[in-house]
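Below are the chains, spelled out letter by letter.
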Amino acid sequence: MTEKEVREEMVRLGASLFERGLTSGNGGNMSARLEDGTFIATPTRSSLGRLRAERLSHVNLSGELLDGDRPSSECAFHLNIYKARPDCGAIVHLHSTHATALACCEGLDPDNVIKPFTPYYVMQIAPLPLVPYHKPGSQALFDAIASYAPKARCLLLANHGLVTTGASLEKAVNKAEELEETARLFFLLKGSGSRIKYLSEQEISQLKPID
Ligand code: 13P
């Protein structure tokens, strides 16, 4: 994809997430790797629903602004993931309602927050580690995310939100949607009073990862 196409896709997908209530206010951020190894990121304090292609931040791997508005205050954690994962082409961070509600629960399994009960969660997301709470935008949060980055495609940030990765922005957005819906289903099932029928180890072993 050309830089122009990446910028246009970020605006389009940001608006789509916003219109469907997956992000609100100034929460969340996104980035994508360009073919020359630099990155397009959402500017800090921007609404993902009202991005402007020409104002998006263009940064290098050291976090230096090449053009556009000041990048997300969390750009450093995106860059930490790109450094750890050469296959990663894009990152989405959202404070979507159900994933964030789950991130605020006590007693979660820190190695895989949601025990698998649907195949797409297994194929696109699991395992889902829980990154301990650190102040948004802090070096402690960036360091914590860097330590998980080589091991997982998606992360849940305690008391904060979700992080998903993909070869492209569309694929990272697909995972964010899948994770948010899985968290929503989890609460729906818990609230229904029925016991969840989790997938068995054998059922899980038949599923192949997809980006
Ligand atoms: P930025 O507006 O600086 O990207 O921060 C938003 C956010 O989601 C913090 O967690």
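Preceding block: the structure.
Residues numbered from 1 in each chain as written. Predicted model: local features only at pLDDT ≥ 70, side-chain atom pairs only at ≥ 80, totals over all residues. Heavy atoms only, no water.

**Topic: the overall build of the protein chain**
Then step 1. A count of helices and strands for the protein chain gives 7 helices and 8 strands.
Then step 2. By principal-axis analysis of the C-alpha atoms, the protein chain measures approximately 50 × 30 × 30 Å.
Then step 3. Residue pairs in contact within the protein chain that sit at least 24 positions apart in sequence constitute 62% of those at least 6 positions apart.
Then step 4. Counting every atom, the protein chain has about 10200 Å² of accessible surface; 52% of that belongs to carbon and sulfur.
Then step 5. Considering the protein chain, the positive charge centre built from 23 side chains and the negative charge centre built from 25 side chains are found 4 Å apart. (Helix = DSSP H or I, 4+ residues; strand = E, 2+ residues; numbered from the N terminus. Contact = heavy atoms within 4.5 Å. Areas by Shrake-Rupley, 256 points an atom, 1.4 Å probe, with all protein chains shown as cover. Lys, Arg positive; Asp, Glu negative; His and termini not counted. Charge placed at Lys NZ, Arg CZ, Asp CG, Glu CD.)

**Structural notes on the site of the ligand**
Then step 1. Near the ligand the following residues occur: Asn26, Gly27, Gly28, Asn29, Thr44, Arg45, Ser72, Ser73, Glu74, His93, His95 and His160.
Then step 2. Contact distances for the ligand include 2.7 Å between an oxygen atom and a backbone N or O atom of Arg45.
Then step 3. Between the ligand and His93, the relevant distance is 3.4 Å, taken from an oxygen atom to a side-chain nitrogen or oxygen of the residue.
Then step 4. A class-by-class count of the residues in the shell around the ligand yields no nonpolar, 10 polar and 2 charged. (Near = heavy atom within 4 Å. Polar contact = N/O pair within 3.5 Å; in protein donor to acceptor, adjacent residues only side chain to side chain. Nonpolar A, V, L, I, M, F, W, Y, C, P; charged D, E, K, R; others polar.)

**Quick notes on the packing of aromatic side chains**
Then step 1. For the structure shown, the criterion picks out 3 aromatic pairs.
Then step 2. Look at Phe117 and Tyr198: their rings are 6.4 Å apart centre to centre, the planes differ by 65°, and that puts the pair in the edge-to-face class. Of the two residues, Phe117 is situated in the loop between helix H3 (97-103) and helix H4 (119-124) and Tyr198 in the loop between helix H6 (169-192) and helix H7 (201-205); the sequence distance between them amounts to 81 residues.
Then step 3. With a relative accessible area of 26%, Tyr198 lands in the partly exposed category.
Then step 4. The ring of Tyr198 has Lys115 lying over it, and the distance from NZ or CZ to the ring centre is 4.4 Å.
Then step 5. Over the ring of Tyr148 we find Lys151; its NZ or CZ atom is 5.3 Å from the centre of that ring. (Phe/Tyr/Trp six-rings, centres within 6.5 Å; stacked < 30°, edge-to-face > 60°. Buried < 20%, exposed > 50% of the residue type's maximum accessible area, 1.4 Å probe, protein only. Lys NZ or Arg CZ within 6 Å of the ring centre and 35° of its normal.)

**Some thoughts on H6**
Then step 1. Helix length check: H6 (24 residues) gives 34 Å between terminal C-alpha atoms against 34 Å at 1.5 Å per residue, within 8%.
Then step 2. Among the residues of H6, Leu169, Ala172, Val173, Lys175, Ala176, Leu179, Glu180, Thr182, Ala183 and Phe186 are the ones counted as buried.
Then step 3. Positioned one or two residues after H6, Gly193 has a phi angle of 85°, which is positive. (Expected span 1.5 Å × (residues − 1).)

**Topic: the pairing of strand S7 (residues 154-157)**
Then step 1. Judged by which residues are buried, S7 turns out to be covered on both faces: Cys154 and Leu156 on one side and Leu155 and Leu157 on the other are all buried.
Then step 2. The pairing of strand S6 (residues 130-131) with S7 spans 2 bridges and is parallel. Among the inter-strand pairings, Leu130 is bridged to a residue of S7, identified as Leu156.
Then step 3. In this fold, S6 hands off to helix H5 (residues 139-148), which returns the chain to S7; that crossover is right-handed. (Pairing = 2+ DSSP bridges. Right-handed = clockwise from strand over helix to strand, strands pointing away.)

**What about the side chain of Glu180?**
Then step 1. Among the structural elements, Glu180 can be located in helix H6.
Then step 2. Buried Glu180, no salt bridge; nearest opposite-charge side chain is Arg184, N-O distance 5.9 Å.
Then step 3. A polar atom in the side chain of Glu180 sits 2.7 Å from the side chain of Ser96. (Salt bridge = Lys/Arg side-chain N within 4 Å of Asp/Glu carboxyl O.)

**Quick word on the nonpolar core**
Then step 1. If you look at the biggest cluster of nonpolar residues, it comprises 39 residues, and the most contacted ones within it are Leu128 and Leu156.
Then step 2. For this core, the secondary-structure elements that each account for two or more residues are helix H1 (3-19), strand S1 (29-33), strand S5 (90-94), H3, S7 and H6.
Then step 3. The biggest single contributor to this core is H6, with 7 residues.
Then step 4. Leu128 has contacts with Asp111, Asn112, Val113, Ile114, Tyr121, Cys154, Leu155, Leu156 and Leu179, leaving out every residue within four places of it along the chain. (Core = buried A, V, L, I, M, F, W, Y, C linked by side-chain atoms within 4.5 Å.)

**A few points about the sheet that holds strand S4 (residues 65-67)**
Then step 1. Taken together, the 8 strands give an open sheet; going across it, the order is S4-S3-S2-S1-S5-S8-S7-S6, and neighbouring strands pair in mixed fashion. Whereas interior strands pair on both sides, the edge strands pair on one side only; in this sheet they are S4 and S6.
Then step 2. Looking at chain direction, S1 and strand S2 (residues 39-41) are connected through 3 bridges and run antiparallel. Residue pairing in the sheet places Ala32 in a bridge with Ile40 of S2.
Then step 3. Against the sheet, H1 contacts S1, S2, strand S3 (57-59), S4 and S5, and its axis sits at roughly 155° relative to S1.
Then step 4. Packed onto the sheet, helix H2 (residues 75-84) meets S1, S2, S3, S5 and strand S8 (161-166) and runs at close to 35° relative to S1. (Axes fitted to C-alpha atoms, helices over the stretch in contact; angles between N-to-C directions.)

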